[in-house]
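# Structural overview
Chain by chain, the residues:
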Amino acid sequence: MNNNRREFLKTLGLTGIGLSIGLDGFSKNASLKKLSPATVALEINPFIIIENTGKITLVNSRPDMGQGSTQAVPSLLAEELEVSLDQVSIIQSDGRSKYGSQQSGGSSSVRGLWMPLRKAGAAAKEMLIKAAAEKWGVNAADCYAEAGKIYLKGTQKSLTYGEVADLASTYEVPKNPKLKDPKDFKILGKFNKRLDVPDRVTGKAVYGIDAEIPGMVFAKVVHSPRIHDSIASIDDAAARKVVGVLDVIKIERAMPHTKVDAVAVIAQNQWAALKGAKALNINWKSESSKYLNQNTSEYFEAAYAAAKKPGIRAEEKGDFDANFETATQKLEAVYETPFLAHAAIEAENATVHIKDDGSVEVWAPIQGPDGALSQVAQYLGVSEEKVKINVTLLGGSFGRKAYMDFLNEACDIARKIKKPVKVLWTKEDDITQGPYRPAMLSRLQGVIDNGRGTAFHHQAIGESIAGQVFNGLRPNTADDWLSGELSQENNEYGFGINKVSYSRVKTSIPVVWWRSVYASNFGWGQECFIDEMAHEAKKDPLEFRLSLLKNAPRFTNVLNLLAEKADYKTPLEAGKARGIAVFRSFDSISAACVFVSKTDSGIKIDKVISVIDCGMYVNPDNVKAQTEGNIVMGIQAATKGGIIFENNQCVQSNYHDYNILRNSEIPKMEIHVVENYEKPGGVGEPGLPPIAPALGNAIFNLTGKRERKLPLVL
Amino acid sequence: MPVYNLNINNKVHKITAEADMPLVWAIRDLANLKGTKFGCGIAQCGACTVHLDGQPIRSCQMPLSAISKKAKITTIEGISEPTLHAVQQAWIEEQVPQCGYCQSGQIMSAVALLKTNKNPNDEEILAAMEGNLCRCGTYQRINKAIKNASKML
């Protein structure tokens, strides 16, 4: 269904680890571990540790950047283990391979770990029950587990998990433990307060920026304004005079695909480092041979030129071009989305300590400790055994902190100054240096026959993340990472003739994933153009979609629920309008209805109703929270300025000129979550793609003017 | 280097720092109170909001030299003695935070608002909270939590 995850794993060379989590442990005996002289712990698999003191520790393998994995991932274990989360300690995994893929990204945590971690919990529970039964001399079938204890049916007898952990550890781990019927779930699918919230409202939560270790110094890295330039000379006389500045050194910013020069100001405190950096005078040598479409105007010019030529075919049913050529009722349009910065409030940072024995310890807000482990080992030329990764909470990320150039910088500085160091980027670094969501075009062509849509072509145009970041796209190949989302299998629009193609437009502006990745770009074109086709066919956009989706029951259910909640059939008063859109990404279907009205100062977004079908989920309130966040970020992406490069450098620099939504700018929001027993889909991202097109369609319905270029001017 | 006796959360911290050091760095790095966050550094995001004599200020723009000797500084760590502040309770009840990074600042702005206006209307809430950015998009819950907190006070 969705190629993102597979492609991602393949690209990073992690194939084969992802889904073997926990399962690996089932083929082996559980292991007993000495934690302290008095404490023995049963490690049934890497995710569950039961100490004979009664302490239960569950491992969250997916870093929490606000998407709720601290609750969601351990809930999968706890449900089958029969413990509640307030009975256990939760720790973050450290990147070791025994935890499998640990990358938070691609909305993959729950959908990827749903079965493996439930099995891990269920296997542990079976072993604990067996141990209790042996102690009591009864059949395991006469025992049951509940809230961290094993009970003997029909009696008051019970044993805690800790009391039977030693014995349980002598058993083989069952390979196919019995899983609960989802109808019997006590945690999954139920509202439970997130237990990490109290720390997040009292200032106790520890983010990367809060890391502090003895002897640590602070660094501010000064980056090339034109990203790729080299240093001709550094005048650091004034910087060195700043009180607290210890050193100024030349370092490198090692991005996944290229290395560039940078300068680090090392100081006794963060303020001195920032002040020292301002006092630096660096003579940057222009590396113009490295600039490729490094001005947004050049990039878009190249992209619009590519839109006039055929792309590389990704998939095709029927002969689209021949059909389009001879069709009498047809339409064509090009849609545009800009580069965007992630602009999380916590900027990129990392703390690295290279110790005297050559071992390395890292504290950082990163999306993938496993990726960080191999990256740090490789970068510093040490074995992975010598590297310890401590993942902190992430103060927002949205894809950015999966790109760990800032971690390499901290490593480079630590090895050069031979002291533990914290590198903290500023908002200016974050906004001006990228990587960004790539700007993309969608060229769309459609054929109408007898009031029905019969043929459809989506040509995706722009830079490939796999191609630029991982050098993982062969020439003349469609990037299936992005074309997969546009495939008919994914959108289920029943066009008899359907084509997806791709044209790569290279740029040296760094790009990477941004919340919902390419779906955030292509939802805009696809769903506005479907409305254009509906109008051409003289059909209502909802009816037009439903007729194309009649063999796609989950889509029609989502759209019908949206129509009901939005009171779609009732006309709105003059000066008001609504628009809809639907998009599947990360195995979840989300639809939105945006309500707009004309005011003296322009168009106002009054309300957004979103429906999400993400299959089974962990916490309905978190699904709603994520979808609210996606509405807010989706409106920002649709209405605020995109990142512009002029003179080969970023024009914007901070929140004053790269605007994210403020409190007064949000519409009323209403979220509806579809209840079913389908396989879990993503939650953190799928709510975003339909927002921009639903708004674009609402504006057309309000004004009669079709906008095809983001950002919209309201 | 100048020495400042900063009253933070009713405790005096002896801070030796340059006069132009913004308060946020003194609080975080020298008084070691990490609940106050550094965001944009230009008073655009409000992540560093603390109270100076009860007034919400952006501590990234407040040099130590500008703080009077008698000033009382309150940070997120200072509002929950002995129990959680009503605003914090309301934040938990509404499950406001996602990443939570901006929430110290949001809460300090909300606490300051409710100190002077026990029952703010929608417009007053927006006006008070306009300077606090949240990239996760938790605003709707923030506004609801403020209303709920006002009922608790």
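Every value quoted in this text rests on a predicted model; they were computed, and no experiment measured them.

## Notes on the overall build of chain B
In terms of helices and strands, chain B carries 5 helices and 5 strands. Listed N to C, the secondary structure of chain B is β-β-α-β-β-β-α-α-α-α in terms of helices and strands. By the compact-globule yardstick of 15 Å for 153 residues, chain B fits well, its C-alpha radius of gyration being 15 Å. Projected onto its principal axes, the C-alpha positions of chain B cover 45 × 30 × 25 Å. Considering only contacts in chain B between residues 6 or more positions apart, those separated by 24 or more positions represent 59%.

## Here we look at the overall build of chain A
A tally of regular secondary structure across chain A gives 21 helices and 28 strands. For 714 residues, the compact-globule formula gives about 27 Å, and the C-alpha radius of gyration of chain A, at 27 Å, lands near that figure. Dimensions along the principal axes, computed over C-alpha positions, put chain A at roughly 80 × 75 × 50 Å. Burial status across chain A gives 58% buried among its 714 residues. Put simply, 77% of the contacts in chain A that link residues at least 6 apart link residues at least 24 apart.

## Observations regarding the packing of helix H18 (residues 541–548) of chain A against helix H19 (residues 553–565) of chain A
Residue and element names in this part refer to chain A. In the contact formed by H18 and H19, the axes pass within 10 Å of each other and the chain directions differ by 160°. Comparing their axes, H19 and H18 come out roughly antiparallel. Between H18 and H19 lies a crossing of left-handed hand. Contacts between H18 and H19 involve Leu542, Arg545 and Leu546 from the former and Thr556, Leu559 and Ala563 from the latter.

## Focus on the confidence of the model for chain A
Across chain A, the average pLDDT comes to 93, with 94% of residues at 70 or higher. This model gives residues 1–32 of chain A a pLDDT under 50, and the stretch forms 75 contacts once residues within four places in sequence are excluded.

## Digging into the interface of chain B and chain A
In this assembly, 44 residues from chain B lie in contact with 44 residues from chain A. Elements that contribute at least two residues to the side of chain B that touches chain A include exactly helix H1 (23–30), helix H2 (86–93), helix H3 (103–116), helix H4 (122–129) and helix H5 (139–152) of chain B. Along the lines of polarity and charge, the residues of the side of chain B that touches chain A split into 23 nonpolar, 14 polar and 7 charged.

## Topic: the pairing of strand E23 (residues 576–585) of chain A
Residue and element names in this part refer to chain A. Of all 10 residues in E23, 9 are buried; the element is thus mostly enclosed. With 10 bridges connecting them, E23 and strand E24 (residues 588–599) associate as antiparallel partners. Bridge assignment links Ala577 to a residue of E24, and that residue is Val596. In textbook terms, the turn of a hairpin is the stretch between consecutive antiparallel strands, and for E23 and E24 this stretch comprises 2 residues, one of which, Phe586, has a positive phi near 55°.

## A short note on the domain arrangement of chain A
As assigned here, chain A comprises domain 1 (4–202), domain 2 (214–289 + 347–426) and domain 3 (307–340 + 437–703). Its residues assigned to classes, the side of domain 1 of chain A that touches domain 2 of chain A shows 3 nonpolar, 9 polar and 2 charged.

## Here we look at the environment of A:Ala581
Residue and element names in this part refer to chain A. Tracing the chain through its elements places Ala581 in strand E23. Linking Ala581 and Ala694, residues 113 residues apart in sequence, is a C-alpha distance of 4.7 Å. Beyond its immediate stretch of four places on either side in the chain, Ala581 contacts Gly523, Glu527, Ala591, Ala592, Pro690, Pro693, Ala694 and Asn697.

## Looking at the packing of helix H4 (residues 109–136) of chain A against helix H5 (residues 161–168) of chain A
Residues and elements named next belong to chain A. Direction vectors running N to C along H4 and H5 enclose 90°, while the axes themselves pass 8 Å from each other. By the angle between their axes, H4 is roughly perpendicular relative to H5. Between H4, through Met127, Leu128, Lys130, Ala131, Ala132, Glu134 and Lys135, and H5, the contact on the second element is made entirely by Tyr161, Val164, Leu167 and Ala168. Considering only residue class, the contact of H4 with H5 consists of 8 nonpolar, no polar and 3 charged.

## Remarks on the domain arrangement of chain B
All names here are of chain B. Domain boundaries assigned for chain B yield domain 1 (3–78) and domain 2 (86–152). If you average the C-alpha positions of domain 1 and of domain 2, the two centres end up 21 Å apart. Each partner contributes residues to the interface: domain 1 has 14 residues there, and domain 2 has 12 residues. Residue assignment for the side of domain 1 that touches domain 2 shows that the elements contributing at least two residues are strand E3 (49–52) and strand E4 (55–58). Examining the composition of the side of domain 1 that touches domain 2, we find that 3 residues originate from one element, E3, more than from any other. In the side of domain 1 that touches domain 2, the residues fall into 6 nonpolar, 7 polar and 1 charged.

## A word on the environment of B:Ile15
All names here are of chain B. In this structure, Ile15 sits in strand E2 (residues 11–16). Looking at Ile15, the number of C-beta atoms within 10 Å reads 21, which means it is buried. Considered as a pair, Ile15 and Ala26 are 11 residues apart in the sequence and their alpha carbons are 7.2 Å apart. Those residues in contact with Ile15 that lie beyond four places of it in its chain are Tyr4, Leu6, Ala26, Leu30 and Ala31.

## A look at the sheet that holds strand E6 (residues 143–146) of chain A
All names here are of chain A. Spatially, the 3 strands line up as an open sheet ordered E6-E7-E8, and their pairing is antiparallel. Sheet topology places E6 and strand E8 (158–160) at the edges, where each strand pairs with a single neighbour. Looking at each pair of strands side by side, their axes are set apart by 25° on average, direction ignored. Note that strand E7 (residues 149–152) and E8 share 3 bridges and pair antiparallel. Within E8, the position partnered with Tyr151 by the bridge is Ser158.

## So, the environment of A:Ser483
Residues and elements named next belong to chain A. Here Ser483 is to be found in helix H15 (residues 480–486). Sequence spacing of Ser483 and Lys157 is 326 residues, and the spatial spacing of their C-alpha atoms is 59 Å. Beyond its immediate stretch of four places on either side in the chain, Ser483 contacts Ala314, Glu315, Ala460, Ala478, Val500 and Tyr502.

## Focus on the pairing of strand E19 (residues 421–424) of chain A
Residues and elements named next belong to chain A. Of the two faces of E19, both are covered, the one formed by Val421 and Val423 as well as the one formed by Lys422 and Leu424. Pairing geometry for strand E9 (residues 217–223) and E19, over 3 bridges, is parallel. Within E19, the residue paired with Ala219 across the bridge is Val423. Note that strand E16 (residues 349–354) and E19 share 4 bridges and pair antiparallel. When the bridges of E19 are listed, Ala350 appears paired with Val423.

## Side note on unusual backbone geometry
Across the chain, the bulk of peptide bonds are trans and the bulk of non-glycine residues have phi less than zero. Residue and element names in this part refer to chain A. Looking along the chain, the bond that leaves Gly434 and enters Pro435 is cis, with omega of 0°. In this model, Leu710 is joined to Pro711 through a cis peptide bond whose omega is 0°. Within the fold, Pro711 resides in the segment after helix H21 (691–703). Even without being glycine, Ile227 reaches a positive phi, approximately 65°. As for its position among the elements, Ile227 is in the loop between E9 and strand E10 (230–235). Ile227 sits in the buried class, given 25 other C-beta atoms within 10 Å.

## Some remarks on the sheet that holds strand E21 (residues 452–462) of chain A
Residue and element names in this part refer to chain A. Strand order in the open sheet made by the 5 strands is E14-E22-E21-E20-E15, with mixed pairing throughout. Either end of the sheet is taken by a strand with one partner, and the two such strands are strand E14 (312–317) and strand E15 (330–337). The mean angle between the axes of side-by-side strands here comes to 15°, regardless of whether they run parallel or antiparallel. In this structure, E15 lies alongside strand E20 (residues 440–449), joined through 8 bridges in antiparallel fashion. Bridge pairing links Ala333 to Leu444 in E20.

## Notes on the nonpolar core
Residue and element names in this part refer to chain A. In this structure, Leu128, Ala219, Val265 and Leu407 are the most contacted members of the largest nonpolar core, which totals 260 residues. Per-element accounting of this core gives the leading share, 12 residues, to H4. For Leu128, the contacting residues outside a window of four places in its chain are Ala145, Ile150, Tyr161, Val164 and Ala168.

Analysis parameters
Residues numbered from 1 in each chain as written. Chains lettered and ligands numbered in written order. Predicted model: local features only at pLDDT ≥ 70, side-chain atom pairs only at ≥ 80, totals over all residues. Helix = DSSP H or I, 4+ residues; strand = E, 2+ residues; numbered from the N terminus. Rg over C-alpha atoms; globule rule 2.2 N^0.38 Å. Contact = placed C-beta atoms within 7 Å. Buried ≥ 20, exposed ≤ 12 C-beta atoms within 10 Å, placed from the backbone. Axes fitted to C-alpha atoms, helices over the stretch in contact; angles between N-to-C directions. Parallel < 35°, antiparallel > 145°, perpendicular 65-115°, else oblique. Left-handed = near helix turned anticlockwise from the far one by under 90°. pLDDT = per-residue confidence, 0-100. Nonpolar A, V, L, I, M, F, W, Y, C, P; charged D, E, K, R; others polar. Pairing = 2+ DSSP bridges. Domains from an automatic or database assignment. Core = buried A, V, L, I, M, F, W, Y, C linked by C-beta atoms within 7 Å.

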